[in-house]
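Examining the three-dimensional arrangement
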Amino acid sequence: MNIYGIRAIYHFEMARTFRTLWESIAAPVLTTSLYFIVFGKAIGSRMGEIDSVSYGAFIIPGLVMLNLLNESISNASFGIYMPRWAGTIYELLSAPVSWIEVLIGYVGAAATKSVMLGILILGTARIFVPYEIAHPWWMVAFLLLTAVTFSLFGFIIGLWADNFQKLQVVPMLVVTPLTFLGGAFYSINMLPPLWQKITLFNPVVYLISGFRWSFYGIADVNVAMSIGMTFGFLTLCLIFVWWVFKTGYKIRN
Amino acid sequence: MPASKAIATENSAPIIWVQGINKTYASGFQALNNINLEIKRGEIFALLGPNGAGKTTLISIICGIVNSTSGIVIADGYDTVRDYRTVRATIGLVPQELHTDSFESVWATVKFSRGLFGKAPNAPYLEKVLRDLSLWDKRNVKIKELSGGMKRRVLIAKALAHEPTILFLDEPSAGVDVELRHDMWRMVRELRAKGTTIILTTHYIEEAEDMADRIGVINKGELIVVEDKNVLMRKLGKKRLTLTLRQSLASIPAALIGWNLTLADDGSTLIYTFDTQEEETGIAELLRTLSEHHIEFKDLRSTESSLEDIFVSLVHQPKGNAS
């Protein structure tokens, strides 16, 4: 195992994060604050409780998940796309590092940043809405698992994209809609029966449901199913990245 | 070093052994065609070729940046694909393009390179590399603030950060000033003296002539000649005897037809080209013949083909004629 190599990649990526710390943190925190003001306070105060949880508190896990998914994808995709774009990837490709070491470095740094942001958003939420975490260890586990899985997904997008537009397409056109339709702002039990079934094809439903369960002990879908689906997606992403490095698809050809 | 994996690591064995390498890109373009090449341990090998000849593709395959379509490369006794971890730790590459992390400082980027290649931190060594390249004073400067020449130095420092025993320099002197070129070649000589094998490509053929032990010429994806530099220049070099005539000639006189002569400068210069390999140059006989025909000259000088002349003749001659 090339520990020095992993450390070099991780530190390089974290240094990039800290160089743009203000931009990285300010926008998500501001957006989340606006969500809490609009949905939590203005609209939420006129809505009833969902499963005995106030609406303001109900949306917290969904909002954290929304930011976690977007940040994980954005950090990891940008992290690997930039060296491809700038040409500095030659050094990574000629270095004695395996694909798993590259992943640990890039995905580890992207997930670290996402988790930091998730915790910051939880802190921000506390200013607007009182809430408690029923299963704190499970909350941390879901936070880490989701950050790693979607950082891995972002890494794949960064390998696939040929330009900056493509880098934005998947987060904008796929992930954000799936998150909004994944129960970030509502319980899927509020949907008509047909849509309740259709929405189960949305993988984000399982993430938000599991994460919300760790806060309030309520879930739209079985918690074991949530964990299983996340691990399933993680495995798919790992297999894809392994294949990319094995064949050199888009990077060594 | 796991002996079971090493194929041949004696000092006499080539440090790089390229066997039957082909590369066809997805577009169908064949960049390399059955390349076979051996690089000797500790030598400076110059790979010459026109733009698009396949030099960078070959280097990229050896360094692991590009996958070959077929063929194998053994470096220091190890397969570059199967034993990539062992091989790559010994190779440093200075790429042709100025690919740098613009927002990083010089110190941070060389430190990154050393770590990436699996080496423990060694600040005194990195300081020496930066001092040798006149970069020490710029160690805290962001790379984007450096000139093109300084960026080239940074790339060299990055390539040396993990103390490689094989160094690839892909067009290292492109776009750099005379001072850096001299510094760089001095450093290359020092590295070679310490046992580092150096493979370079350059457009400045006089540099290859000056620096290299052996020359390889690649054209249209095929390696057309690999030879010791001095042998190559002796075998393929020509000499020219240039005579400045007292009176211009309208054409070459009939008595001189059969000599390898050309008339230049409106008939005032007669050029005799002869092979350096021939036992008899024919100069004495030519001068005697000129005298017999009352063709007088006021000056004469002899010149030898440069490596550049040989290179140009090699890449322009029909396929299969190189020897």
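The rules behind these values
- Residues numbered from 1 in each chain as written.
- Chains lettered and ligands numbered in written order.
- Predicted model: local features only at pLDDT ≥ 70, side-chain atom pairs only at ≥ 80, totals over all residues.
- UniProt positions renumbered as here; feature names shortened; annotations may be inferred.
- pLDDT = per-residue confidence, 0-100.
- Helix = DSSP H or I, 4+ residues; strand = E, 2+ residues; numbered from the N terminus.
- Contact = placed C-beta atoms within 7 Å.
- Buried ≥ 20, exposed ≤ 12 C-beta atoms within 10 Å, placed from the backbone.
- Axes fitted to C-alpha atoms, helices over the stretch in contact; angles between N-to-C directions.
- Parallel < 35°, antiparallel > 145°, perpendicular 65-115°, else oblique.
- Left-handed = near helix turned anticlockwise from the far one by under 90°.
- Nonpolar A, V, L, I, M, F, W, Y, C, P; charged D, E, K, R; others polar.
- Pairing = 2+ DSSP bridges.
- Domains from an automatic or database assignment.
- Core = buried A, V, L, I, M, F, W, Y, C linked by C-beta atoms within 7 Å.

- Named according to an unreviewed UniProt entry, chain B is Polyamine-transporting ATPase originating from Methyloglobulus morosus KoM1.

- As annotated in an unreviewed UniProt entry, chain A carries the name Transport permease protein and comes from Methyloglobulus morosus KoM1.
- Recorded in UniProt for chain A, the comment headed Sequence similarities (unreviewed entry) runs: "Belongs to the ABC-2 integral membrane protein family."

A short note on the confidence of the model for chain B
Residue and element names in this part refer to chain B.
- The share of residues in chain B with pLDDT of 70 or more is 90%, and the mean pLDDT across the chain is 83.
- The least confident element of chain B, judged by mean pLDDT, is helix α10 (residues 307-316) at 70; the most confident is helix α3 (residues 106-116) at 94.
- Under a pLDDT of 50 for its full length, residues 1-5 has, in the predicted model, three contacts with residues more than four places off or in other chains.
- The complex model carries a pTM of 0.77, and its ipTM stands at 0.80.

Description of unusual backbone geometry
All names here are of chain B.
- At E171, a position not held by glycine, the phi torsion is positive, near 50°.
- Of note, E171 is situated in the loop between β7 (166-170) and α6 (178-193).
- By the C-beta count within 10 Å, which is 19 here, E171 ends up partly exposed.
- With a phi close to 55°, H294 is a non-glycine residue in the positive phi region.
- Counting through the fold element by element, H294 comes out in the loop between α9 (283-292) and β14 (297-304).

Digging into the UniProt feature "transmembrane region" (unreviewed entry) in chain A
All names here are of chain A.
- Per the UniProt annotation, the sites labelled "transmembrane region" (unreviewed entry) are residues 20-40, 103-125, 137-161, 167-188, 200-219 and 225-245.
- Helix makes up 100% of residues 103-125 and strand 0%, and the two end C-alpha atoms of the span are 32 Å apart.
- This span, residues 200-219, is 70% helix and 0% strand, and a straight line between its end C-alpha atoms measures 13 Å.

With respect to the packing of helix α2 (residues 21-43) of chain A against helix α3 (residues 55-86) of chain A
Residue and element names in this part refer to chain A.
- Packing of α2 against α3 leaves a shortest axis separation of 11 Å and a crossing angle of 155°. Of the possible angle classes, the one that applies to α2 and α3 is roughly antiparallel. Of the two possible hands of crossing, α2 and α3 adopt the one that is right-handed. Facing P28, T32, Y35, F36, F39, G40 and K41 of α2, the residues of α3 in contact are G56, I59, L63, N67 and E71.
- Taken together, the residues that form the contact of α2 with α3 break down as six nonpolar, four polar and two charged.

Quick notes on the environment of L167(B)
Residue and element names in this part refer to chain B.
- By the element assignment, L167 lies in strand β7.
- Distance from L167 to Y84, taken between C-alpha atoms, is 16 Å for residues 83 residues apart in sequence.
- Setting aside chain neighbours within four positions, we find L167 in contact with G92, A159, L191, T196 and I198.

Considering the packing of helix α1 (residues 3-19) of chain A against α3(B)
- Contact geometry for α1(A) and α3(B): axes closest at 7 Å, N-to-C directions at 150°. With respect to their mutual orientation, α1(A) and α3(B) come out roughly antiparallel. Contacts between α1(A) and α3(B) pair Y4(A), G5(A), R7(A), A8(A), I9(A), F12(A) and A15(A) from the former with A108(B), F112(B), G115(B) and L116(B) from the latter.
- Tallied by class, the residues present in the contact of α1(A) with α3(B) amount to eight nonpolar, two polar and one charged.

Here we look at the sheet that holds strand β13 (residues 269-275) of chain B
All names here are of chain B.
- Strand order in the open sheet formed by four strands is β12-β13-β11-β14, with antiparallel pairing between adjacent strands. With partners counted over all chains shown, the strands left at the sheet margins are β12 (261-264) and β14, one partner each. Here the strands of the sheet are splayed against their neighbours by 20° on average, with no regard to which way each runs.
- Both β12 and β13 contribute to a ladder of four bridges, which runs antiparallel.

A look at the domain arrangement of chain B
- Each domain of chain B was delimited in the assignment, giving domain 1 (16-233) and domain 2 (238-304).
- The centre of domain 1 of chain B, based on its C-alpha atoms, is set 45 Å off from the matching centre of domain 2 of chain B.

Focus on the nonpolar core
- Formed by 135 residues in total, the largest nonpolar core has its most connected members in Y106(A), V107(A), A75(B) and A157(B).
- The greatest single-element share of this core, amounting to 15 residues, is contributed by α3(A).
- Beyond its immediate chain neighbours, meaning those up to four positions away, A75(B) contacts I15(B), I16(B), I62(B), T80(B), V87(B), T90(B), I91(B) and I166(B).

Describing the pairing of strand β10 (residues 222-228) of chain B
Residues and elements named next belong to chain B.
- Here strand β9 (residues 214-219) pairs with β10 via six bridges, running antiparallel. Each bridged residue has a counterpart across the sheet, and for R214 the counterpart in β10 is D228.
- Once β9 ends, the chain turns through two residues before running back antiparallel as β10, passing K220 with a positive phi of about 50°.

Considering the pairing of β13(B)
Residue and element names in this part refer to chain B.
- In this structure, strand β11 (residues 238-245) lies alongside β13, joined through seven bridges in antiparallel fashion. Looking at the pairing, K238 lines up with D275 of β13.
- Hairpin remark: β12 followed by β13, antiparallel, with four residues in the connecting loop; positive phi at D265, about 50°.

Describing the sheet that holds strand β5 (residues 78-79) of chain B
Residues and elements named next belong to chain B.
- A sheet is described by the order of its strands in space; here four strands give the open sequence β2-β1-β4-β5, paired in antiparallel fashion. Each of the sheet's edge strands pairs with one partner strand only, and the pair in question is β2 (30-39) and β5.
- Sheet topology note: the strand β1 (residues 16-24)/β2 ladder contains six bridges and is antiparallel. Along β2, the bridge assignment pairs W17 with E38.
- Helix α1 (residues 55-63) rests against β1, β2 and β4 (70-75) of the sheet, and its axis sits at about 120° to β1.

Observations regarding the interface of chain B and chain A
- The interface of chain B with chain A comprises 28 residues on the first partner and 22 residues on the second.
- At the level of elements, α2 (84-88), β6 (91-94) and α3 of chain B are the ones that each hand at least two residues to the side of chain B that touches chain A.
- No other element matches α3(B), which puts five residues into the side of chain B that touches chain A.
- Split into classes, the residues belonging to the side of chain B that touches chain A amount to 15 nonpolar, seven polar and six charged.

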